[in-house]
There are 2 protein chains.
Amino acid sequence: MDKINRLRLEMKKEDIDIYIVPTSDPHQSEYVSDHWKGREYLSGFTGSAGTLLVEADKAILWTDGRYFIQAENELKNSEIKLYRMGEKKYPSLKRYIRDALKNQKKIGIYGKLISISEFEDWIKDIDSSYYNIDLDLIDRIWVDRPKKPRTELFIHEEIYSGESTRDKLKRLREYMVEKEEHIHIVSSLDEIAYLFNLRANDIVNNPVFISYAVINKKEAILFTDAKYDENILKYSEEEGFIIRDISEFDKYLENIRLKNIGLDPNKTNMWIKEKLKFNKILYKPEILTEFESIRNKVQIENMKKTHIFDGVAVIKTLNYIYKNIENNITEMDVSEKLREFRSKIEGFIEPSFDTIAAYGPNGAMMHYCADADSNSVLKRENLLLIDSGGQYLSGTTDITRTISLGKTSDEQIRDYTLVLKGMINLSRAKFMEKTSGSTLDILARNYLWNEGIDYKSGTGHGVGYLLSVHLGNQRISPNARNSRFKPGMVVTNEPGVYKEGKYGIRIENMLLVRESSMKSDDEFLEFETLTLCPFDKTLIDFNLLNNDEIDFIEKYHMRIRELMKDYLTDEEMALIW
Amino acid sequence: MDKINRLRLEMKKEDIDIYIVPTSDPHQSEYVSDHWKGREYLSGFTGSAGTLLVEADKAILWTDGRYFIQAENELKNSEIKLYRMGEKKYPSLKRYIRDALKNQKKIGIYGKLISISEFEDWIKDIDSSYYNIDLDLIDRIWVDRPKKPRTELFIHEEIYSGESTRDKLKRLREYMVEKEEHIHIVSSLDEIAYLFNLRANDIVNNPVFISYAVINKKEAILFTDAKYDENILKYSEEEGFIIRDISEFDKYLENIRLKNIGLDPNKTNMWIKEKLKFNKILYKPEILTEFESIRNKVQIENMKKTHIFDGVAVIKTLNYIYKNIENNITEMDVSEKLREFRSKIEGFIEPSFDTIAAYGPNGAMMHYCADADSNSVLKRENLLLIDSGGQYLSGTTDITRTISLGKTSDEQIRDYTLVLKGMINLSRAKFMEKTSGSTLDILARNYLWNEGIDYKSGTGHGVGYLLSVHLGNQRISPNARNSRFKPGMVVTNEPGVYKEGKYGIRIENMLLVRESSMKSDDEFLEFETLTLCPFDKTLIDFNLLNNDEIDFIEKYHMRIRELMKDYLTDEEMALIW
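Residues numbered from 1 in each chain as written. Chains lettered and ligands numbered in written order. Predicted model: local features only at pLDDT ≥ 70, side-chain atom pairs only at ≥ 80, totals over all residues. Heavy atoms only, no water.

What about the relation of the copies chain A and chain B?
For these two chain copies, the linking operation is a rotation about an axis paired with a shift along it.
So, point 1. Aligned on chain B, chain A shows an RMSD of 0.0 Å; the corresponding rotation is 180° and the shift along the axis is 0.1 Å. When the rotation and shift are considered jointly, the pair of chain copies conforms to a two-fold rotation axis. Proximity to the rotation axis, assessed at the C-alpha, singles out T439 of chain A in chain A; its C-alpha lies 2.4 Å from the axis. (Least-squares fit on C-alpha atoms with pLDDT ≥ 70 in both.)

Okay, here's the thing in structure tokens:
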């Protein structure tokens, strides 16, 4: 019997009408370890976002615009229906659940896999007899479920992080005093790794470790079952925190009484809230993510250096592709080459996400990742989209370039040029302090909209520092209303064109927000481009560019040549025209 | 004793620590009749927006960026402090009130002058013993307070409105059924005038009449004390509504029991809510404003014709100015001329707001209006900013042009050109359905931001149809997040530069939202420019314009010449270069 029907048997036993399987772990991580990939196990859909809902007579997967094409393919041979998020004809997951509850259906979900905010948004004013959050039904049916990861901690030295844990704890406690918090609880793995300047390898592409943290006036406790040595213990004493086994977290929570507890309802799961019922919970934003979003001087210097070597690796890979195009190299060869060149860079740890090397029609799938079945051989035609990044001790990178492998159509050249214009004009923007990402978005999208083309995604996202490649609130998107830019933030700039069955184009640079030197009565900000890699000259229609845009490209390439001349061969240098 | 101290005596009598005087009437109108100009009477500040707060030892006026300079001037010789809204160093009115309440201060405000939403936003979870909303203290101290207006109703014929009241009531009742409303209460004078296709002259520049309306399944009742004749009575019978004296409204509300009542908390005052306490109130958006925001075919055709003749009046005025510049004409002469030319147009009723004819430094005051003291004589130098509009049976206009009267500086030419670029590029935008005004704003602001210049206002606002010149939600501004554009909406496009003590530049066109003819997989919208009036060639630096912008100007002027050739003299035609 197939997995979904086995799940249905368990649902019957527990008298559950609807069981929900989110893409999540107990820390609401964006990328989860294999142990928590229940949605993928059940549905076969491999995207990084989506929620599966199973009923006796139907199964539905919700996912967003990035994954529409991919999900269609991966669900082709299953009973699961795809509900495209944001499209009118499909009810939202919330709507669907609210209606089901109206019809007296009983909902089951494992409380560790759902955030407080999302769950309470669903069930507000619903009688608790209509849901059960204690059931990990996936665990019952999952044959050979992967173990929870348990890797070795290492210290992210201050020469890389730029601020000691002791100082970060001091800042956090000042915040707690101001907000009248007695205890601050952290569930987000990124925030914990940031706070303690520790990293490990529990999640692929994201060097965090399974843990929780509790900070009060006197103590800072890190609950984890990661491995660590004497050296780490000594470090924890110096920095003023204690390490305890994660199995003690449960009991610790149960013993808290009558305290003001600060936590982030978006990053904390329902199970934790249950444990804290005898306390006053103060819902707080991800304060540590806010800390991390503003890079310090040391980090900024490190990021700038890192982008030189990361760019060198990408250029060497491009050169490899051009030279070997006749040798039947594949998308996966390209990913492999990128990793090979990056792994030679000092401080490289792993890719920051699964490389997207998408040839021709595959490029139209925003988050395509080649596997044995899909892996295409490159030919002297059409476009190759390469979106990749690295995790370095000195920061995280995220870069996309799209190149022509030979024959290109006028349509491809026009589309590439429009994407480039948008990318450049957003990079050149000057904007008032507190301008939101929803205001800036159209600077990148405008040129495509004028030709009736839209991309079904935001234009940019924040980037972690040796942490998740997606960070915080500083997004650029028509909906990024709370995204207010401040100096020291880092954001990507990645407009694109995606033509199903034909090709995909995306150009992505990372940008640093800084104060503008411009004379003004107001406070103005501007971007500094961190990513260093040339554009594909053969894809540009220079008639569509104005002088400012051409000037931007020339200065940008000049800067790249200057910074890379010692690391590239003449052949490779020639790619920077 | 001065007015504010007389108010303080009354406050003492009533044991009130803080008395708040908003700029409002019982209908939450933006422009209020003289009877309700208590804030102006007390403070001397004549702007159209602002709230006065009086305490035993201080008096504070809050107003927004449009009025900072004007308020500074008008408050110069008073004890009243100006709190600039939106600037960090000043607490917001809400913040101020919340703090006062924390300190056990007792707040007084007249409940008819404050909307349900705003008041409840202030006092949420505050014990009612800390405020009193029954005191019209202004009335006690106001010597010779102007009477409430009482003007004559006239019918806005269907050839102008494009939809009968009977049909509008039908649409409204369909909405009420859907929302499970038993009774819908309307307080907004604009919405009432729109619904019943009636107008009068109770408020200067805004042809509405003091009234309330109540709609249920069977009845539609218009409560008003406006004057009307047999003809109107007959009309009301034909269209299916009843007219009753406004004095009966009070009693009518008190007799409502156990009903679902739909009303707009932003447009309905606290006094009404008190009367309805035995009912369930459903807070609804301004549904009738939404109806009005989408223009029908008849209205669109009327607006287009109206803008030809309105533009003719403006061009004739400009020509008059150029010819008489040596004759010591003043700002007020310009306003007078505009009215004179407009009054010759069929269907003209009155200006749609007090004309802003602002010469030189006066132009830096966004909402300046010349009076006997300020009235400047025009000279052969500097800039003249003219912002004006008309109320016509066939629609409402709002246009701004800035012209050079002689010598101009490079700075003025650059600023004018940057404003023009922004105005043009927003006019040319194509955008996805449901794009918000906060996304579009930067298309007009971008060119100024790139030079470190910002204007402290939104870029555009909706416009009524023989109603208030400010309508609804369809604003263009970094904060206009709920402003989603739909075909048939009308919005202004008015970027500007305001340099205190030097000059002001604003260029304003009205735009109609329509579906784009562009081929696309998505639904795209675009703007059609309604306003017809040339730009000042002597203020344009053509080196700063690209071909698209020059092309826009040429086509626009060509269109104006074609449409106006029969109505202008050769001399006037020559202004359309």
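Some details on the interface of chain A and chain B
So, point 1. With 30 residues of chain A at the interface, the matching set in chain B holds 30 residues.
So, point 2. Of the roughly 2,300 Å² buried between chain A and chain B on both sides combined, carbon and sulfur atoms contribute 52%.
So, point 3. When the buried surface of chain A facing chain B is broken down by residue, T439, W449 and R481 of chain A rank first, second and third, together holding 27% of it.
So, point 4. Linking chain A with chain B are two salt bridges.
So, point 5. For K456 of chain B, the salt bridge identified is with D522 of chain A, shortest N-O distance 2.9 Å.
So, point 6. The interface formed by chain A and chain B contains seven residue pairs in polar contact (both at pLDDT 80 or more).
So, point 7. Residue assignment for the side of chain A that touches chain B shows that the elements contributing at least two residues are β21 (430-432) and α17 (437-449) of chain A.
So, point 8. Considering every element that reaches the side of chain A that touches chain B, the biggest residue donor is α17 of chain A, with seven residues.
So, point 9. A per-class count over the side of chain A that touches chain B returns 11 nonpolar, eight polar and 11 charged. (Contact = heavy atoms within 4.5 Å. Buried area = accessible area lost by both parts, 1.4 Å probe. Salt bridge = Lys/Arg side-chain N within 4 Å of Asp/Glu carboxyl O. Polar contact = N/O pair within 3.5 Å; in protein donor to acceptor, adjacent residues only side chain to side chain. Helix = DSSP H or I, 4+ residues; strand = E, 2+ residues; numbered from the N terminus. Nonpolar A, V, L, I, M, F, W, Y, C, P; charged D, E, K, R; others polar.)

A few points about the nonpolar core
Proteins that are soluble and globular tend to have nonpolar side chains buried together.
So, point 1. Counting residues in hydrophobic clusters, the biggest one holds 151 residues, and the most contacted among them are I321 of chain A together with I321 of chain B.
So, point 2. Contact partners of I321 of chain B, with chain neighbours within four places excluded, come to I329, V334, L378, L384, I386, I403 and L405 of chain B.
So, point 3. Counting 70 residues, the second-largest nonpolar core is a separate cluster that includes I20, F209, Y235 and L276 of chain A. (Core = buried A, V, L, I, M, F, W, Y, C linked by side-chain atoms within 4.5 Å. Buried < 20%, exposed > 50% of the residue type's maximum accessible area, 1.4 Å probe, protein only.)

Remarks on the sheet that holds strand β19 (residues 395-396) of chain B
All names here are of chain B.
So, point 1. The sheet built from three strands is open, its strands ordered β15-β18-β19 with antiparallel pairing. At either margin of the open sheet sits one strand with a lone partner, and together these are β15 (348-351) and β19.
So, point 2. Two strands pair when backbone bridges link them, and β15 and strand β18 (residues 390-392) are joined in this way by three bridges, in the antiparallel orientation. Among the inter-strand pairings, E350 is bridged to a residue of β18, identified as Q391. (Pairing = 2+ DSSP bridges.)

Notes on the sheet that holds strand β11 (residues 220-224) of chain B
Across a sheet, paired strands are connected by hydrogen bonds in the backbone, their directions being either parallel or antiparallel.
Residue and element names in this part refer to chain B.
So, point 1. Read from one edge to the other, the open sheet built from six strands follows the order β12-β11-β10-β8-β13-β14, with strand pairing classed as mixed. Two strands bound the open sheet, and with one partner strand each, they are β12 (242-245) and β14 (280-283). Neighbour-to-neighbour, the strand axes of the sheet open up by a mean angle of 25°, direction not taken into account.
So, point 2. Bridge analysis of strand β8 (residues 183-186) against strand β13 (residues 260-263) gives two bridges, and the strand direction is parallel. Bridge pairing in β13 places H184 opposite G262.
So, point 3. Contacts from helix α8 (residues 165-178) reach β8, β10 (211-216) and β11 within the one sheet, and its direction differs from that of β10 by about 60°. (Axes fitted to C-alpha atoms, helices over the stretch in contact; angles between N-to-C directions.)

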